Amino acid sequence: MKTKIKGCVRTFLSAILLLSNINVYAQIKVEHEKPRVIIETDIGIRDGDDDASLVRFLLYADVLDIEGMIVTKSGNMHERYGDIKDGYEFMQVFLDRYEQIYPNLIKHSTGYPTADHLRKGVARFWTEEAVDLIINAVDKKDPRPLWYCNWGTRNRLEPALD
């Protein structure tokens, strides 16, 4: 009789543990929606801080909903990078490298966006494309806030706010 009771208690406790884990998982999933993000960066400038930030940003791309990457004018970059003219082209180089490591990234998390998906959200600032990117993201029917991350450039939101 004691064996039957122990078996029932184990089954009951296992069921409670299973159900509590399902509930915790559901709460975590709801509480940890991906934040919507647009970054503004001046990658390619001589100091390289945004270059390093972009590497880290792309490493965390699986937990972010990247809606755009706006590249400010970086000037002539021939001295440092040869054929690359500006930050926009430099961003494409970063995304080419990201595409190379993408198969390894998705082994660890299926949340990483493809390089092609990210490329669709890259724009040069002070262009209609960049302004539209911001306006469309703000107007999107999505209850999550949109985070605009300015990585040390002069804040250039004015065209989108006009």
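Here the structure is a predicted model, which is why all the values come from computation and not from measurement. Per chain, residues are indexed from 1 in the order of the written sequence. The predicted origin of the model limits local features to residues at a pLDDT of at least 70 and limits the giving and counting of side-chain atom pairs to 80 or more, whereas totals for whole chains, interfaces and linings rest on all residues. Remark: hydrogens and water are excluded; side-chain values derive from all non-hydrogen atoms of the structure.

**Focus: the overall build of the chain**
In terms of helices and strands, the chain carries seven helices and four strands. Secondary structure elements are taken from DSSP: a helix is a run of H or I of four residues or more, a strand is a run of E of two residues or more, and numbering for both begins at the N terminus. The secondary structure elements of the chain, listed N-terminal to C-terminal, are α-β-α-β-α-α-α-β-α-β-α. The cut-offs for exposure are 20% and 50% of the maximum accessible area for each residue type, with area from a 1.4 Å probe on protein chains only; residues under the lower value are buried, those over the upper are exposed, and the others partly exposed. By residue count, 37% of the 162 residues in the chain fall in the buried class. The criterion used for residue contact is that any of the two residues' heavy atoms lie within 4.5 Å. Within the chain, counting contacts between residues at least 6 apart in sequence, those at least 24 apart form 71% of the total.

**Focus: the sheet that holds strand 4 (residues 146–150)**
Sheets are built from strands that pair by backbone hydrogen bonding, the pairs being arranged parallel or antiparallel. Pairing within the open sheet is parallel, and its four strands lie in the order 3-2-1-4. On the outer flanks of this sheet lie strand 3 (122–124) and strand 4, each paired with one strand and no other. Taking each pair of neighbouring strands and ignoring which way they run, the sheet shows an average axis angle of 20°. Two strands make a pair as long as DSSP finds a minimum of two bridges between them. Sheet topology note: the strand 1 (residues 36–41)/strand 2 (residues 65–71) ladder contains six bridges and is parallel. Note on strand 2: the bridge partner recorded for Ile38 is Gly68. Axis geometry follows a simple rule: fit a line to the C-alpha atoms, using only the stretch in contact for helices, then measure angles between N-to-C directions, giving values from 0 to 180 degrees. Strands strand 1 and strand 2 of the sheet are contacted by helix 2 (residues 49–59), whose axis makes an angle of about 160° with strand 1. Taken strand by strand, helix 6 (residues 128–139) contacts strand 1, strand 2, strand 3 and strand 4, and its axis lies near 155° from that of strand 2.

**Some details on the nonpolar core**
We define a nonpolar core as any set of buried Ala, Val, Leu, Ile, Met, Phe, Trp, Tyr and Cys residues linked to one another through side-chain atoms lying within 4.5 Å. Counting 24 residues, the largest nonpolar core has Leu54, Phe57, Met69, Met91 and Tyr98 as its most contacted members. Broken down by secondary-structure element, the contributors of at least two residues to this core are strand 1, helix 2, strand 2, helix 4 (87–108) and helix 5 (115–119). By size, the runner-up hydrophobic cluster in this structure holds ten residues, among which are Ile38, Ala130, Val131 and Ile134.

**Looking at the confidence of the model for the chain**
Mean pLDDT for the chain: 80, with 67% of residues reaching 70 or above. Each residue carries a pLDDT score, the predictor's confidence in it, ranging from 0 to 100. Looking over the chain, one finds the lowest element-wise mean pLDDT in helix 1 (residues 2–31), namely 53, and the highest in helix 5, namely 97. Between residues 23–28, whose pLDDT stays under 50, and residues either more than four places distant or in other chains, the model counts zero contacts.

**So, the side chain of Arg36**
Its location among the elements puts Arg36 in strand 1. Each polar contact in these results corresponds to two N or O atoms within 3.5 Å; when the atoms are within protein, one needs to be able to donate a hydrogen and the other to accept it, and residues that are neighboring in sequence are counted only if both atoms are side-chain atoms. Among the polar contacts made by the side chain of Arg36, one reaches the side chain of Glu67 at a distance of 2.6 Å. A distance of 2.4 Å separates a polar atom in the side chain of Arg36 from the backbone oxygen of Ala137. Residue contacts for Arg36: discarding those within four places in its chain leaves Asp65, Glu67, Ala137, Val138, Lys140, Asp142, Arg144, Pro145, Leu146 and Trp147.

**With respect to the packing of helix 2 against helix 4**
Relative to each other, helix 2 and helix 4 sit at 35°, their axes nearing to 11 Å. Considering how the two elements wind past one another, helix 2 and helix 4 form a crossing that is right-handed. In this structure, helix 2 contributes Asp51, Leu54, Val55, Leu58 and Leu59 to the contact, and helix 4 contributes Phe90, Met91, Phe94, Leu95, Tyr98 and Leu105. Crossing handedness is defined as follows: a turn of the near helix away from the far one that is anticlockwise and smaller than a right angle gives a left-handed crossing, while the clockwise case is right-handed.

**Some points on a nonpolar patch on the surface**
Judged by side-chain polarity, Leu59, Tyr60 and Val63 come together as a nonpolar surface patch covering roughly 270 Å² of accessible area. With respect to the helices and strands, Leu59 occurs in helix 2. Only residues whose relative accessible area exceeds 30% and that take part in no salt bridge are eligible for patches, with like-charged residues grouped when within 9 Å of each other and nonpolar side chains (Val, Leu, Ile, Met, Phe, Trp, Tyr) grouped when within 5 Å. Accessibility throughout is a Shrake-Rupley quantity obtained with a 1.4 Å probe, and a residue counts as covered only by protein chains that appear here. What counts as a salt bridge is simple: a side-chain nitrogen of Lys or Arg found within 4 Å of a carboxyl oxygen of Asp or Glu.

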